[in-house]
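Below are the chains, spelled out letter by letter.
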Amino acid sequence: TVPGELKWAASPSEGGWEEVSIMDEKNIPIRTYQVCNVLEPNQNNWLRTDWIPRSGAQRVYVEVKFTLRDCNSLPGVTGTCKETFNLYYHESNEDRESYIKESSFIKVDTVAADESFTQVDVGDRIMKLNTEVRDVKVTTRKGFYLAFQDVGACIALVSVRVFYKTCPLTIRNLATFPDTITGADTSSLVEVRGSCVNQSEEREEPKMYCGADGEWLVPIGGCFCSPGYEEKGGACKACSAGFYKAKSSDAGCFKCPPHSHSVRDGATVCDCHSGFFRADSDPPSMACTQPPSAPQQLISVVNETSVVLEWAPPRRLGGRSDTNYPRMGSGSISSSQLCLPCGSDVLFSPGQTGLKTSRVVVSELRAHTHYTFIVHARNGVSQASGAGAAQSVSVSVTTNQAAPSPVSSILAIDVTRHSLSLSWQQPDRPNGVILEYEVKFYEKDQKERSYRIMRTFSRSVDVTGLNPLTVYVFHVRARTAAGYGEFSAPFEFSTNSGIHAVKFKIIARMLSLVFFICVLNLHHLCLIRRSKYSKTKQDSEEEKHLNPGVKIYVDPFTYEDPDQAIHEFAKEIDVSSIHIEKVIGMGEFGEVCSGRLRVQGKREIYVAIKSLKAGYSDKQRRDFLSEASIMGQFDHPNIIRLEGVVTRCKPLMIITEYMENGSLDAFLRKHDGQFTVIQLVGMLRGIASGMKYLSDMSYVHRDLAARNILVNSNLVCKVSDFGLSRVLEDDPEAAYTTRVRRKIPIRWTAPEAITYRKFTTASDVWSYGIVMWEVVSYGERPYWDMNNQDVIKAIEEGYRLPAPMDCPVVLHQLMLDCWERERAERPTFSQILNMLDKLIRNPGTLKTTPEERPAEMLLV
Ligand code: ACK
């Protein structure tokens with residue numbers, strides 16, 4: 001198409017390639033380059049094109065059209081005539097290179113003619129045109145030159161076309177892929193990322209590959225039309241009015257659901273008609289709905305201090321199924337005619353909020369009080385609609401008179417051989433003025449077959465004329481104008497043998513003195529923190545009085561003959577009076593069974609029987625019986641009682657009172673969360689009382705833990721598991737410490753006992769603190785699954801167990817006091833007992849739980 005001369009560089013410039021105009025078959029003049037030196041040998045004629053920019057292409061195609069004479073048709077050319085030419089290329093950034101060495105060119109191919117002709121017969125307009133295409137990789141420079149080398153042929157170059165291939169712009173899966181130049185190699189695939197068409201968003205990265213021949217391959221991923229748009233003919237078009245599309249993944253536009261509309265194109269959600277609403281959680285496909293009308297026919301039935309409320313569901317549910325009664329509003333009217341909230345002690349069953357049913361029992365209301373109850377109906381759109389009072393209904397009632405609630409705990413403040421002095425707190429809900437208390441009691445062994453009743457106006461009573469060393473069961477109930485309330489749960493107390501009568505009297509006197517001082521100096525005592533466990537005047541006075549009469553525990557191992565010790569402290573029982581019933585566990589020395597014991601002249605009682613398995617050594621026999629020798633020296637309601645031993649025949653047995661609820665840790669785990677704080681404190685009080693008794697006798701337990709406390713059917717806790725060598729040998733919790741080859745129950749043991757075996761009553765107090773934690777956490781394992789070494793390290797670094805869930809602050813503080821590093825700083829069991837009694841007398845102090853409990857252990 002070039003109008004003038006192409007002026008490609010030819011070498012030699014004369015006698016080689018020449019630019020010649022000829023007529024093509026349609027008689028149109030065309031330009032050609034020709035060479036035809038077939039008669040001369042050693043031809044080397046070069047023709048070079050102008051510089052061709054590659055324009056980003058990596059592989060170019062060269063299409064050559066040419067004619068070529070058949071050597072056979074030319075006479076006298078044998079040996080010199082050729083029928084091929086060579087195609088070369090040279091890459092270059094220079095667009096006007098004047099001279100390029102022949103050796104700089106790289107050969108593409110030797111090109112031969114598919115068709116040759118014998119005669120040039122332009123007059124007949126017959127031309128046999130050859131078309132040959134070759135491709136070549138050009139990646140190193142901005143462009144290239146092509147060259148044609150003739151070595152003695154008769155050729156006319158008619159056209160040279162140079163091109164590259166692209167995969168053309170296309171849209172696939174709502175993604176546009178641009179016009180893309182193919183790769184450098186014939187096998188190469190060019191990875192191309194598509195871009196989402198207008199009003200669409202990526203579903204998964206859109207990708208395709210451009211193949212070497214300009215074909216798109218393997219489409220992956222694609223796009224979705226955006227909310228409010230749907231696909232039409234490869235593009236995204238807006239939803240028309242009355243339709244919506246909420247999510248890009250939705251298949252298309254949907255008609256607006258009932259009670260809603262869309263006025264503009266491209267709606268993503270339809271608006272609710274006026275008076276209709278949609279809850280936040282309602283899907284856009286859901287019809288718009290309305291709040292419910294008020295509940296209907298609210299009726300109330302008063303039963304003493306309870307009210308049963310019942311109502312019918314609202315007439316209109318608003319097209320929804322999630323109507324509920326979110327909160328029972330309620331208030332009581334006091335004498336001042338002001339409506340006050342009910343308070344947290346009123347019970348709503350099944351609940352006060354989020355009710356699905358239409359019946360509620362409200363109990364624990366005050367007697368003779370006017371109450372108003374409001375029942376609200378709500379559904380998912382109540383909040384959105386802003387509707388309030390229209391959806392509620394109320395009723396007013398007045399409660400009746402009611403009997404007082406039961407007395408929650410009874411304390412023995414003085415115990416003698418023949419009498420017990422008891423005291424108790426007013427019931428939590430007196431429901432009126434208490435006119436008198438009735439005390440019912442009986443010997444435990446007699447059950448309720450014969451009992452006595454005493455009445456008193458005060459909250460204490462002296463019960464006299466009792467048998468010594470006998471367990472009595474007490475129940476107390478209160479009377480108001482509305483009649484008697486229910487009896488309290490049973491509380492057991494034992495008269496003593498007389499030996500400790502003096503001591504009990506003194507303790508009682510001390511307790512009342514302490515109580516009197518407490519009342520007088522309550523505000524003063526509140527200020528005392530750390531110093532509260534320092535020895536008070538009363539304590540030292542108590543010691544002065546008590547010490548002379550206190551029995552001291554005798555170590556059975558000081559006896560040369562162990563049998564002498566056993567017969568001094570334990571009663572020999574005739575095996576025929578024991579009736580074994582079943583095996584209840586395994587001890588270190590053999591089975592533990594339950595059974596009955598009938599001693600002449602006494603009633604049959606339930607007992608636990610520990611036996612020594614056959615094949616024992618002398619040492620095992622002595623260790624086994626040492627427990628009985630120790631236990632036999634104790635006589636306290638919170639220490640497991642020894643009934644006797646069988647040593648005269650085999651197997652050897654130790655008979656103790658039977659504790660129906662087994663060990664405390666397992667018992668608490670079984671009844672997780674089922675006790676009131678007062679009941680838990682009651683258990684702790686029992687253990688503290690038993691431990692005080694042991695410490696008064698100078699006995700150091702060394703293995704105080706919930707697993708070594710037994711519980712009877714009245715929830716009375718008793719300290720068990722005595723012994724010396726066995727104390728730490730048979731406890732599965734006991735581990736060897738690194739410094740001493742002795743087993744120690746690490747998690748329960750005070751640091752000084754772990755480090756240098758300093759076992760004292762103060763180390764028992766540390767263990768008692770751990771027992772407190774076990775009790776309040778219902779048998780949780782202290783320090784959870786930390787290993788023993790980490791526990792020792794943590795304690796050394798000052799960490800202490802945090803308050804268990806719902807643990808009153810005072811109880812946790814008491815635990816922390818038990819875990820004072822300095823053992824002299826820890827409270828005595830006597831002080832612990834006093835503290836717990838005080839808490840039981842003032843249950844209000846047990847209600848306070850900290851605002852936020854730390855999740856981690858405390859640093860003290
Ligand atoms: O957890 P438990 O039920 O309580 O299982 C152990 C088992 O025997 C092995 O010591 C139980 N046990 C021990 N002494 C008594 C007892 N005096 N009354 C009832 N159970 C007892 C203990």
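Let us look at the structure shown here. Computed from a prediction, not measured in an experiment: that's the story for all the values here.

## Some words on helix 8 (residues 677–696)
Working step 1: The end-to-end C-alpha distance of helix 8, which contains 20 residues, comes to 28 Å, matching closely the 28 Å that a straight helix rising 1.5 Å per residue would cover.
Working step 2: Where burial is concerned, most of helix 8 is hidden: 16 out of the 20 residues are buried.

## Quick word on the site of the ligand
Working step 1: Inspection of the region around the ligand gives 13 residues, with Ala 608, Thr 656, Glu 657, Met 659 and Ser 663 positioned closest.
Working step 2: A distance of 2.9 Å is found between a nitrogen atom of the ligand and a backbone nitrogen or oxygen belonging to Met 659.
Working step 3: For the ligand, the protein covers 74% of the area, taking 450 Å² as the surface of the free molecule.
Working step 4: Breaking the shell around the ligand down by element, the ones donating at least two residues are strand 43 (578–586) and strand 47 (653–657).
Working step 5: In terms of residue count, strand 43 provides more of the shell around the ligand than any other element does, three residues in total.
Working step 6: Residue classes in the shell around the ligand are distributed as eight nonpolar, four polar and one charged.

## Observations concerning the packing of helix 11 (residues 761–776) against helix 13 (residues 809–818)
Working step 1: Between helix 11 and helix 13, the shortest axis-to-axis distance is 8 Å and the interhelical angle comes to 150 degrees. Judged by the angle between their axes, helix 11 and helix 13 are roughly antiparallel. Where helix 11 crosses over helix 13, the two elements pack in a sense that is left-handed. Seen from helix 11, the contacting residues are Val 765, Trp 766, Tyr 768, Gly 769, Met 772, Trp 773 and Val 776; seen from helix 13, they are Leu 811, Leu 814, Met 815 and Cys 818.
Working step 2: For the contact of helix 11 with helix 13, the per-class residue count stands at 10 nonpolar, one polar and no charged.

## Topic: the sheet that holds strand 18 (residues 200–210)
Working step 1: One open sheet accounts for three strands, arranged 16-18-19; its pairing is antiparallel. Edge positions in the open sheet fall to strand 16 (190–193) and strand 19 (216–225), since each of these has one partner strand only. Averaged over all adjacent pairs, the angle separating strand axes in this sheet is 15 degrees, with direction ignored.
Working step 2: Both strand 18 and strand 19 contribute to a ladder of seven bridges, which runs antiparallel. From the neighbouring strand, Glu 202 faces strand 19, where its bridge partner is Cys 223.

## Re the sheet that holds strand 6 (residues 59–68)
Working step 1: Taken in spatial order, the five strands make up an open sheet running 2-3-11-6-9, and their pairing is antiparallel. If you trace the sheet from one side to the other, it starts and ends with strand 2 (18–23) and strand 9 (130–137), each paired once. In this sheet, neighbouring strand axes are inclined to one another by 40 degrees on average, regardless of whether the strands run parallel or antiparallel.
Working step 2: Bridge analysis of strand 2 against strand 3 (residues 29–36) gives six bridges, and the strand direction is antiparallel. Residue pairing for strand 3: Ser 21 is matched across the bridge by Arg 31.

What counts as what
Residues numbered from 1 in each chain as written. Predicted model: local features only at pLDDT ≥ 70, side-chain atom pairs only at ≥ 80, totals over all residues. Heavy atoms only, no water. Helix = DSSP H or I, 4+ residues; strand = E, 2+ residues; numbered from the N terminus. Expected span 1.5 Å × (residues − 1). Buried < 20%, exposed > 50% of the residue type's maximum accessible area, 1.4 Å probe, protein only. Near = heavy atom within 4 Å. Polar contact = N/O pair within 3.5 Å; in protein donor to acceptor, adjacent residues only side chain to side chain. Areas by Shrake-Rupley, 256 points an atom, 1.4 Å probe, with all protein chains shown as cover. Nonpolar A, V, L, I, M, F, W, Y, C, P; charged D, E, K, R; others polar. Axes fitted to C-alpha atoms, helices over the stretch in contact; angles between N-to-C directions. Parallel < 35°, antiparallel > 145°, perpendicular 65-115°, else oblique. Left-handed = near helix turned anticlockwise from the far one by under 90°. Contact = heavy atoms within 4.5 Å. Pairing = 2+ DSSP bridges.

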